[in-house]
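Coordinate analysis (summary)
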Amino acid sequence: MAWQALDRTKPVFDKDAPPVLSEALRAKIRSFFPRYETQRAALLPALHVVQDALGHVSHKAMAEIAEVLEIPPSAVLDTLSFYTHYWDHERGSKVVVACRSLSCQLVGAEKVLDACKAELGIDEHGTTEDGKYSLVTEECLAACDHGPCLLINEKLHKCVTPEEVARILKDPKNAEIDPPRSNLFDGPAAAAPAPAIEAVGKTSDIQEMRES
Ligand code: FES
């Protein structure tokens, strides 16, 4: 990516424009506070719920998140710009993420990425003219034994071949986010009950083994 000269003397958003965060979104962000020792620690889930609701996190949204968390807006920008999964500008309704890490590279990830570019007619970080698809690459998608991997709107596609790319991209189900990330941050009442996990060993067993 080429160097960009930014004019910091000009405001990056209109401070007098109406707020972009609804009261419901602000309440959702505040609902995270009891989970953490500091309000600042709720920043990552806050970014997820705002991105899921608005599609991306604009500079104005960042300033409003900062206001709710009572932290400087620069802290929100710092965090957001560190993670590739957050967007500060508009993105397509379907985000195609191609894995660029070693295990996938060894089994043909580059050809799968080329097929995505050819099928969508865009380059990496691009968005199709109709606003339907954006294409990015990211590090390991955590399915290294089933590469090459593609993630489309949070749905993982494993062992993808270049020949399959066109079919996968045309699947109408790609429009569904599976599951929305903000759902991962729902409170205990909304979450399904966790299955009971059978204990496989007790501290006393280990103690007995050591003593025997
Ligand atoms: S290297 Fe591609 S999923 Fe891990």
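Before any of the text, the structure's been laid out above.
Here goes a summary of the coordinates provided. (Residues numbered from 1 in each chain as written. Predicted model: local features only at pLDDT ≥ 70, side-chain atom pairs only at ≥ 80, totals over all residues. Heavy atoms only, no water.)

**Focus: unusual backbone geometry**
With an omega dihedral of -5 degrees, the bond running from Gly 147 to Pro 148 counts as a cis peptide bond. Within the element layout of this structure, Pro 148 appears in the loop between strand 2 (133-138) and strand 3 (150-152). The backbone phi angle of Glu 70 is positive, close to 60 degrees, even though this residue is not glycine. Counting through the fold element by element, Glu 70 comes out in the loop between helix 3 (59-69) and helix 4 (73-82). Take Glu 70: its relative accessible area is 66%, and that puts it in the exposed class. Not every positive phi belongs to a glycine, and Glu 154 is a case in point at roughly 75 degrees. Its location among the elements puts Glu 154 in the loop between strand 3 and strand 4 (155-157). (Helix = DSSP H or I, 4+ residues; strand = E, 2+ residues; numbered from the N terminus. Buried < 20%, exposed > 50% of the residue type's maximum accessible area, 1.4 Å probe, protein only.)

**Observations concerning the side chain of Glu 64**
Assignment of secondary structure puts Glu 64 in helix 3. For Glu 64, a relative accessible area of 4% gives the class buried. Side chain to side chain, Glu 64 and Arg 26 meet in a polar contact 3.0 Å long. Among residues more than four places away in sequence, those in contact with Glu 64 are Pro 19, Val 20, Leu 21 and Arg 26. (Polar contact = N/O pair within 3.5 Å; in protein donor to acceptor, adjacent residues only side chain to side chain. Contact = heavy atoms within 4.5 Å.)

**Focus on the packing of aromatic side chains**
Going through the model one piece at a time under the given rule, you end up with two aromatic pairs. Judged by centre distance (5.0 Å) and plane angle (85 degrees), the rings of Phe 82 and Tyr 83 are edge-to-face. Where Tyr 83 meets Tyr 86, the ring centres are 6.0 Å apart and the plane angle is 85 degrees; that geometry is what we call edge-to-face. Given the relative accessible area of 36%, Tyr 83 is considered partly exposed. Tyr 86 sits in the buried class, given a relative accessible area of 9%. Within the aromatic cluster, the residues linked to one another by ring pairs are Phe 82, Tyr 83 and Tyr 86. (Phe/Tyr/Trp six-rings, centres within 6.5 Å; stacked < 30°, edge-to-face > 60°.)

**Some points on the pattern of salt bridges**
Summed over all chains, the structure comprises seven salt bridges. As a salt-bridge pair, Glu 64 and Arg 26 come within 3.0 Å of each other at their nearest N and O atoms. You can see Glu 64 sitting in helix 3 and its partner Arg 26 sitting in helix 1 (residues 23-30), a full 38 residues away along the chain. Close ionic contact of Glu 119 with Lys 170 constitutes a salt bridge, the shortest N to O distance being 3.6 Å. A residue pair is termed long-range when its members are at least 10 positions apart, and Glu 119 in helix 6 (residues 109-120) and Lys 170 in helix 7 (residues 165-170) qualify at 51 residues. Connected through shared salt-bridge partners, Arg 26, Lys 60, Glu 64 and Glu 67 make up one network. (Salt bridge = Lys/Arg side-chain N within 4 Å of Asp/Glu carboxyl O.)

**Some words on the packing of helix 1 against helix 2 (residues 43-54)**
At their nearest, the axes of helix 1 and helix 2 sit 9 Å apart, and the two run at 155 degrees to each other. Accordingly, the angle class assigned to the pair helix 1 and helix 2 is roughly antiparallel. For helix 1 against helix 2, the interelement crossing comes out right-handed. Within the contact between the two elements, helix 1 uses Leu 25, Lys 28 and Ile 29 and helix 2 uses Ala 46, Val 49, Val 50, Ala 53 and Leu 54. Per-class residue counts for the contact of helix 1 with helix 2 are seven nonpolar, no polar and one charged. (Axes fitted to C-alpha atoms, helices over the stretch in contact; angles between N-to-C directions. Parallel < 35°, antiparallel > 145°, perpendicular 65-115°, else oblique. Left-handed = near helix turned anticlockwise from the far one by under 90°. Nonpolar A, V, L, I, M, F, W, Y, C, P; charged D, E, K, R; others polar.)

**What about helix 2?**
End to end, helix 2 covers 16 Å across 12 residues, agreeing with the expected 16 Å (1.5 Å per residue, within 8%). Taken residue by residue, helix 2 has Leu 43, Pro 45, Ala 46, Leu 47, His 48, Val 49, Val 50 and Gln 51 as its buried positions. Downstream of helix 2 by a residue or two, Gly 55 has a phi angle that is positive, lying close to 95 degrees. (Expected span 1.5 Å × (residues − 1).)

**So, the sheet that holds strand 1 (residues 94-99)**
Spatially, the four strands line up as an open sheet ordered 2-1-3-4, and their pairing is mixed. Each end of this open sheet is capped by a strand with a single partner; those strands are strand 2 and strand 4. Across the sheet, the mean angle separating the axes of adjacent strands is 20 degrees when strand polarity is ignored. Where strand 1 lies against strand 2, six bridges are found, and the strand directions are parallel. Opposite Val 96, over in strand 2, you have Leu 135 as the bridge partner. Here helix 6 sits on the sheet and contacts strand 1, strand 2 and strand 3; the angle it forms with strand 2, its principal contact strand, is near 165 degrees. (Pairing = 2+ DSSP bridges.)

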